[in-house]
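Now for the letters of each chain:
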Amino acid sequence: MTDIQPLTLITPTAAMSADVHGGRAKCLQRLIRLDMPVPMTVALSFDSVREIAVGQMPEMVALLAPFGDAPLLSVRPSSLDPDWGGPGAMLHVGMNDARHAELVEQLGEAEATKIYLRFVQAYAVHVARLDPDAFYLPDVADAASLRAMLDTYEVETDEVFPQDVGVQLAEVLRSMARAWDGTTARLLRQAKGAPIDAGLGLVVQAMVLGVGPDESGSGEIEFVDAQSGLPRVRGRYLPQSNGRPGLREAEGAIYLCKDGRGPSLEECCPAVFAQLLAHGALARQRLREEMQIKFTLRRGELFILDAIRVQRSSRATVRIAVALAQDGIIPREEAVMRVEPAALSELLHRQVDPNAKRDLIVRGIAASPGAASGRIVLTAAEAQASAARGEACVLVRRETTPEDIRGMHAAQAVLTMRGGVTSHAAVIGRGLGLPCVVGAFDLTIDRKKSVISGPDGRKFAKGDVITVDGTTGEVLAGAPAMLEAALDGAFQTLLEWADDYRDIGVRANADTPADAQAAQNFAAEGIGLCRTEHMFFDGDRLGVMREMIFAESSDDRRAVLDRLLPMQRDDFEALFTIMAGKSVCVRLFDPPLHEFLPSDKAGLRDLAEQLALPLSDVTERVNALSEYNPMLGMRGVRLGIAIPEIYDMQAQAIFEAMVAVGEAGVDISAEIMIPLVSAMREVELVKTRVDSVANAVLSKSKSALNYRLGVMVETPRAALRAEDIAEYASFLSFGTNDLTQMTYGLSRDDAGRFMSAYVQQGVYAEDPFHTLDVEGVGELVALGAERGRKGRKDVTLSICGEHAGSRTAIAFCREHAFDYVSCSPFRVPVARLTAAQLALTDQLNAKLAK
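Residues numbered from 1 in each chain as written. Predicted model: local features only at pLDDT ≥ 70, side-chain atom pairs only at ≥ 80, totals over all residues. Heavy atoms only, no water.

In this section: the overall build of the protein. Each helix and strand counted, the protein has 33 helices and 30 strands in total. In terms of overall dimensions, the protein has a C-alpha envelope of 105 × 65 × 55 Å along the principal axes. With 850 residues in all, the protein has 55% of them scored as buried. Contacts in the protein between residues far apart in sequence, at least 24 positions, make up 67% of those at least 6 positions apart. A total of about 36100 Å² of accessible surface is found on the protein, and carbon and sulfur atoms cover 49% of it. Mean positive and mean negative side-chain charge positions of the protein (89 and 114 charges, respectively) differ by 3 Å. (Helix = DSSP H or I, 4+ residues; strand = E, 2+ residues; numbered from the N terminus. Buried < 20%, exposed > 50% of the residue type's maximum accessible area, 1.4 Å probe, protein only. Contact = heavy atoms within 4.5 Å. Areas by Shrake-Rupley, 256 points an atom, 1.4 Å probe, with all protein chains shown as cover. Lys, Arg positive; Asp, Glu negative; His and termini not counted. Charge placed at Lys NZ, Arg CZ, Asp CG, Glu CD.)

What follows is the structure in structure tokens.
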């Protein structure tokens, strides 16, 4: 647009743009083009408002000219995005003693004085910035109360209340322009995604008084339910009013549609109501959006003052986008682009009702979305006992370990003092769809007294009810009202459309049949990571696992593992059956053995009794297995080579399960993944043993085994030596959790203590455990992918860390032609939508470049 004017009279043909004048101004032009009865309006551009903020006022005579003599005006903000906020509207600009006298003749003294009082109050508080307590509205609107308020203004400012409409309007414009430039306003809109230099436009509109003889009043109408997204006429109409704030709650407001509870606009003004319905349908069709229309009636004549996009819940956002596409108003591609992926995450979980009171105890890191309430328990055993009694509970721990998994399954939510977004509690919580807050460092736990304490000194005993909000990272006292999860037809439809556009696969991380079923329900294309170690903590398996750890010889270990074999086989049969026709990637045993052993005295005594060994022998053995840095010690492939019987048993369980489901008619493709590899020889050794086990199972069965062996790239050396490793690996799956730890030399469980300070001071742009570090870790991943392809042209590439469901990681994987990402089941819908939006954005950019 050329020759941008600071002042633009809004007409059907005026040169206007939302990028120059803001969304409200452009919307008013569209309403005028649709022949809606919009009062005279002038738009001020972003540049004009910037000049006003520094004292350069527009030509006031030219601004007032379209409105005639002695006008009454309203001024409203017009930013590019209404969600960025802005200063409140100012009504009745131009109200003065002379106009008050005229309105007394037309409306009566009480009504005219109310209008004048409201304007003086608003002007004093929002323009002159005077103390609001000095300008309260009196109970009786008469000449005396008006004189008193005008006198108060004069005392506070040492000048009479301005009577010239030009002076009033100039001060209102200056006040609104400077409010937009204020530090608080700027920070608030930047938090909502506004750029630093976001501009504000202003619209000056002729006031239509909704007071007077015949049917007069003001109202607002919506044509869709803002919570559900279903068609529904909503709003209120207030006779004898000028659209003041709180319209819906105002005393005397009546319904719009016929309603047995009271009078309605449809009954008293059926022609006007029909007009509103027609305007709403036309706005939806031509503006391609669900709109809220603000209107005024003057002596039975309808005026449209404004139309804004209906504020809506995440549930309504999805339903509205799908409905607009199904009605042919917008294309499916646009419907997919209109829904923020984070909105889907909200729909998958219960949420604290936005209108509920929140009694904050402590704030931590939002690690797994959703909200749940329950009684405080401090151990996994207490959580299981609570679940057995049918009582909802919240598991509160300093930090969780694999031994806590049974308690996490039993709890409604998890809260930990330590940890970050990729800590044990966070990873398992997301996999289970369990609300989780970690890193609540200001919380203290007194295990002896069974009490937790918040930073304000309040204490909560075991059994007290708290709420964990994993979406916001807040822990609340009591049990506020909740909104239930909402997976409906529109949700499924939107994701089906998204699948038509995305160009990268999406799998799920799933460790249990319940996880696999969730993955299947969310249309994951397979399992990209099954962490088998979690299976060993269920039921009696932990005891058998401990027996294996204490076995003295290879034969003894094999004998114990033979008891675990049928349990593992059953696990894999269940996973393969659920994921019929899809690939399942099983990661072989990864954690250090000490995680399966107790660390407290009571646990050691119980273990000694179970093994029928002296307590001193058990304690000595446990101490011998301890390591200075266990996450970099005897774990993953190192354990598989040092104690090969574990991987042999797991491979046998996988292959026998494949045979069993195959005989039942289930087609399955298994992928066996070796963790924590750093050298080609490690892969060669494990592959030899796995292939040997496969041949042994094949010799007893006529079924074919469709399996591949690959590597989880978690160490920098594995990425650097990927060309060699790929000679023995059909796929490389980059585990970005451990790869980030090792690249940074940083513990993901301890980083939360200082990470916020690092991000605030610009050391890191983002928490690298929350957002993939494309420049550092990403370079290693890209290098590993490039070298892996040199070693094997058809190598399958993926990311399976907790980063995998994020927009940054998906964009990175698309850029480097990865085959798929794998994330927790409840992030699969988010990843599917994100991948589609990235693909559509690339398509649009390609078209624009031509």
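The final tally for this structure, using the stated rule, is 17 aromatic pairs. Aromatic pair Phe 589 and Phe 596: ring centres 5.4 Å apart, planes at 25°, arrangement stacked. Taking the relative accessible area as the measure of exposure, Phe 589 reaches 0% and is therefore buried. Since its relative accessible area comes to 1%, Phe 596 is described here as buried. Through successive ring pairs, a cluster of aromatic residues spans Tyr 116, Phe 119, Tyr 123, Tyr 153 and Phe 161. Above the face of the Tyr 820 ring, Arg 507 is positioned so that its terminal group lies 4.0 Å from the ring centre. (Phe/Tyr/Trp six-rings, centres within 6.5 Å; stacked < 30°, edge-to-face > 60°. Lys NZ or Arg CZ within 6 Å of the ring centre and 35° of its normal.)

Here the focus is the side chain of Asp 353. By the secondary structure assignment, Asp 353 is in the loop between strand S10 (351-352) and strand S11 (360-363). One buried charge, Asp 353, has no salt-bridge partner; the nearest side chain with opposite charge is Arg 358, at 8.5 Å. Apart from residues no more than four positions distant in its own chain, Asp 353 is found in contact with Ala 481, Met 482 and Leu 483. (Salt bridge = Lys/Arg side-chain N within 4 Å of Asp/Glu carboxyl O.)

In this section: the pairing of strand S25 (residues 583-587). Most of S25 sits out of view: 5 of its 5 residues are buried. Residues of S25 alternate between two faces, with Ser 583, Cys 585 and Arg 587 on one and Val 584 and Val 586 on the opposite face, all of them buried. Here strand S24 (residues 526-531) pairs with S25 via 4 bridges, running parallel. The partner of Cys 530 across the bridge, within S25, is Val 586. Pairing of S25 with strand S26 (residues 669-674) involves 5 bridges; the strand directions are parallel. From the neighbouring strand, Val 584 faces S26, where its bridge partner is Ala 670. (Pairing = 2+ DSSP bridges.)

Next up on the list: the environment of Ile 578. Its place among the elements puts Ile 578 in helix H21 (residues 554-578). Residues Ile 578 and Asp 359 lie 219 residues apart in sequence; the distance between their C-alpha atoms is 42 Å. Apart from residues lying up to four places away in sequence, Ile 578 is in contact with Pro 513, Ala 516, Gln 517 and Gln 520.

Residues Leu 344, Phe 576, Ile 654, Phe 655 and Leu 732 are the most contacted members of the largest nonpolar core, which totals 134 residues. For this core, the element with the highest residue contribution is helix H25 (residues 644-663), accounting for 11 residues. Ranked by size, the runner-up nonpolar core spans 52 residues in total, among them Val 49, Tyr 116, Val 120 and Leu 130. (Core = buried A, V, L, I, M, F, W, Y, C linked by side-chain atoms within 4.5 Å.)

Pairing is parallel in the closed barrel, where 8 strands are placed in the order S23-S24-S25-S26-S27-S28-S29-S30. The average angle at which neighbouring strand axes cross in this sheet is 25°, direction not considered. By the bridge criterion, 2 bridges tie strand S29 (residues 796-799) to strand S30 (residues 820-823) in an arrangement that is parallel. Paired with Ser 798 across the two strands is Tyr 820, which belongs to S30. (Axes fitted to C-alpha atoms, helices over the stretch in contact; angles between N-to-C directions.)

Turning our eyes to something else, we now look at unusual backbone geometry. Note: most residues except glycine have negative phi, and most peptide bonds are trans. A positive phi is found at Leu 676, a non-glycine position, where the angle reads about 60°. Mapped onto the fold, Leu 676 is located in the loop between S26 and helix H26 (680-699). At Ala 817, a residue that is not glycine, the phi angle is positive and equals roughly 55°. Position of Ala 817 relative to the elements: it lies in the loop between helix H32 (807-815) and S30. With relative accessibility at 49%, the residue Ala 817 sits in the partly exposed group.

Attention now moves to the environment of Asp 225. Within the fold, Asp 225 resides in the loop between strand S6 (217-224) and strand S7 (231-239). Note on Asp 225: relative accessible area 12%, which makes it buried. Put simply, Asp 225 and Pro 270 are 45 residues apart on the chain and 22 Å apart in space, counted from C-alpha to C-alpha. Setting aside residues up to four positions removed in sequence, Asp 225 forms contacts with Leu 230, Arg 232, Arg 234 and Ala 316. A polar contact of 2.8 Å, which involves the side chain of Asp 225, links it to the backbone nitrogen of Gln 227. (Polar contact = N/O pair within 3.5 Å; in protein donor to acceptor, adjacent residues only side chain to side chain.)

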